[in-house]
Amino acid sequence: MELVADDGLAVATRGLRKTFAGVRGRRAAIHGLDLDVPAGGVHGFLGPNGSGKTTTIRMLLGLLRADGGTMHIFGQPVPHRLPQVIGRVGAIVESPKFYPSFTGRRSLSLLADAIGTDQRRVDEVLEEVGLADRGRDRFGGYSLGMRQRLAIAATLLKSPDLLIFDEPTNGLDPAGIREIRETMRSLGTQGRTVLVSSHILSEIEHIADTVSIIGRGRVVAQGSVQSLINEQVGVGSVDVGIDSPEAAVAVLRRVGMSAELTADGLRVTGADRPADVTRALAAQGLYVSRLLPVRRDLESVFLQLTQDDQLGAAPPHTDETSDPSAEEVTR
């Protein structure tokens, strides 16, 4: 199947909104979400608990109704044209459920019959997720990682172009996390689009080509992993410990470096080499006691961008009357 998408996007939302009833009125779980997921590769969908990741995914799949805004999958407006595009989408939004006494292969065979897929796909998808040698084992004897891989195999039966996984490594041990990571990375390199929500930042950094970070129901940053890291932290940043930080800042700024005071010294950006910092300061009789390159990673960017959520800032509320029937748990 040819994997194509309108405007190069597999998923796009504009001004997406969703509110739920709360004790102080209706709480905005999604508040003007503008999300772009490029076609092809792995896209990490990141945010603190309660930021609206699962709510967004459920709206995309037609499991929740949006209160406003637009959503498109491969250029098709959803949910209006979801029936026309759903055949190109596979998703896991809950823990996989199969009969414990059935083998993995039989479980997939029954599902293939139910959706009208050629039985030859069963062995193909078992091979694709690394379960070819365990397909005749009972599901009840599978590890958590194997169960999740079987669920992924089930989504692959209809050869979807877009795969949506909501926290696929929850509850897995390190070995299981590695297995799922390798599976998702492999799917992304095949030309499929893998949209994965997760709170395990180190895993997303290893597998994602692009990411979107949301906080309080809005996108706060999106783009390639490396570009976001460089934009937020700064290329060539170093932490400096010194007895006279104010004087050091003045010296470094005079030679064209960007320097800012921190709690225990200063942070410098714009130096091609750390040695340039020590040389400039030593020339003015200032000597460093600590010089450490700033570790640039996705986790530090995430924490920086979502600090309001981490501190427990209240999400926006509306003045609408509370409706207990609309209550939902978001994460």
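In this text the structure is predicted, and so the values were computed from the model without any measurement. (Residues numbered from 1 in each chain as written. Predicted model: local features only at pLDDT ≥ 70, side-chain atom pairs only at ≥ 80, totals over all residues. Heavy atoms only, no water.)

**Here's the deal with the packing of aromatic side chains**
Within the structure shown, the criterion is met by 3 aromatic pairs. Measuring from centroid to centroid gives 5.0 Å for Y99 and F102, while their planes differ by 55°, and the two rings are tilted. One residue, R106, lies across the ring of F102, its end atom 4.0 Å from the ring centre. Over the face of the ring belonging to F139 we find R147, whose NZ or CZ atom lies 4.8 Å from the ring centre. (Phe/Tyr/Trp six-rings, centres within 6.5 Å; stacked < 30°, edge-to-face > 60°. Lys NZ or Arg CZ within 6 Å of the ring centre and 35° of its normal.)

**As for the pattern of salt bridges**
When charged atoms on two side chains of opposite charge get close, those side chains can pair. Within the structure shown, the criterion is met by 17 salt bridges. In this structure, R14 and D36 form a salt bridge, with 2.9 Å as the shortest nitrogen-oxygen distance. Taken together, the positions of R14 in strand β1 (residues 9–22) and D36 in strand β2 (residues 25–38) put the pair 22 residues apart, joining distant regions of the chain. In this structure, R185 engages D209 in a salt bridge whose closest nitrogen and oxygen atoms are separated by 3.3 Å. Taken together, the positions of R185 in helix α6 (residues 174–189) and D209 in the loop between α7 (201–207) and β9 (210–215) put the pair 24 residues apart, joining distant regions of the chain. Its relative accessible area of 34% is what places D209 among the partly exposed residues. Each of R58, E94 and K97 takes part in salt bridges that share partners, so that together they form one network. (Salt bridge = Lys/Arg side-chain N within 4 Å of Asp/Glu carboxyl O. Helix = DSSP H or I, 4+ residues; strand = E, 2+ residues; numbered from the N terminus. Buried < 20%, exposed > 50% of the residue type's maximum accessible area, 1.4 Å probe, protein only.)

**Here we look at the packing of helix α3 (residues 104–115) against helix α4 (residues 120–128)**
Where α3 contacts α4, the axes come no closer than 9 Å and their chain directions differ by 130°. Judged by the angle between their axes, α3 and α4 are oblique. For the pair α3 and α4, the sense of crossing is right-handed. Contact residues: α3 offers R105, L108, S109 and A112, while α4 offers V122, D123, V125 and L126. (Axes fitted to C-alpha atoms, helices over the stretch in contact; angles between N-to-C directions. Parallel < 35°, antiparallel > 145°, perpendicular 65-115°, else oblique. Left-handed = near helix turned anticlockwise from the far one by under 90°. Contact = heavy atoms within 4.5 Å.)

**Comments concerning the sheet that holds β9**
Taking strand neighbours across the sheet as the criterion, the 6 strands line up as β6-β7-β8-β3-β9-β10 in an open arrangement whose pairing is mixed. Each having just a single partner strand, β6 (89–92) and β10 (218–224) make up the two edges of the open sheet. Ignoring which end each strand starts from, the neighbouring axes of this sheet average 15° apart. Packed onto the sheet, helix α5 (residues 144–156) meets β6 and β7 (162–166) and runs at close to 160° relative to β6. (Pairing = 2+ DSSP bridges.)

**Considering the pairing of strand β4 (residues 68–73)**
In this structure, β1 lies alongside β4, joined through 5 bridges in antiparallel fashion. Within the sheet, the bridge partner assigned to A12 lies in β4 and is H72. Looking at chain direction, β4 and strand β5 (residues 76–78) are connected through 3 bridges and run antiparallel. Bridging across to β5, H72 finds its partner in P77. Following β4, the chain reverses through 2 residues before pairing antiparallel with β5; F74 in that reversal takes a positive phi of roughly 50°.

**A closer look at helix α9 (residues 245–254)**
Listing the buried residues of α9 in full gives P245, A248, V249, V251 and L252. Take α9 and look down its axis: the buried residues cluster within an arc of 165°, on one side only. In α9, the exposed positions that point more than 90 degrees away from the buried face belong to E246 and R254. Structurally, α9 contributes buried residues whose contacts are with β11 (238–242), β12 (258–262), β13 (265–269) and α10 (274–282). One or two steps after α9, the chain reaches G256, where phi turns positive at roughly 95°. (Arc of directions from axis to C-beta.)

**Thoughts on the packing of α9 against α10**
Two elements in contact, α9 and α10, have axes whose closest approach is 10 Å; the angle formed by their N-to-C orientations is 110°. Taken as axis vectors, α9 and α10 run roughly perpendicular relative to one another. For the pair α9 and α10, the contacting residues are A248, V251 and L252 in the first and V277, A280 and L281 in the second. Of the residues that constitute the contact of α9 with α10, the class distribution is 6 nonpolar, no polar and no charged. (Nonpolar A, V, L, I, M, F, W, Y, C, P; charged D, E, K, R; others polar.)

**Description of α10**
Listed in full, the buried residues belonging to α10 are D276, V277, A280 and L281. Down the axis of α10, the sector holding all buried residues measures 125°, keeping them to one side. Where α10 is buried, its residues meet β11, α9, β13 and β14 (288–293).

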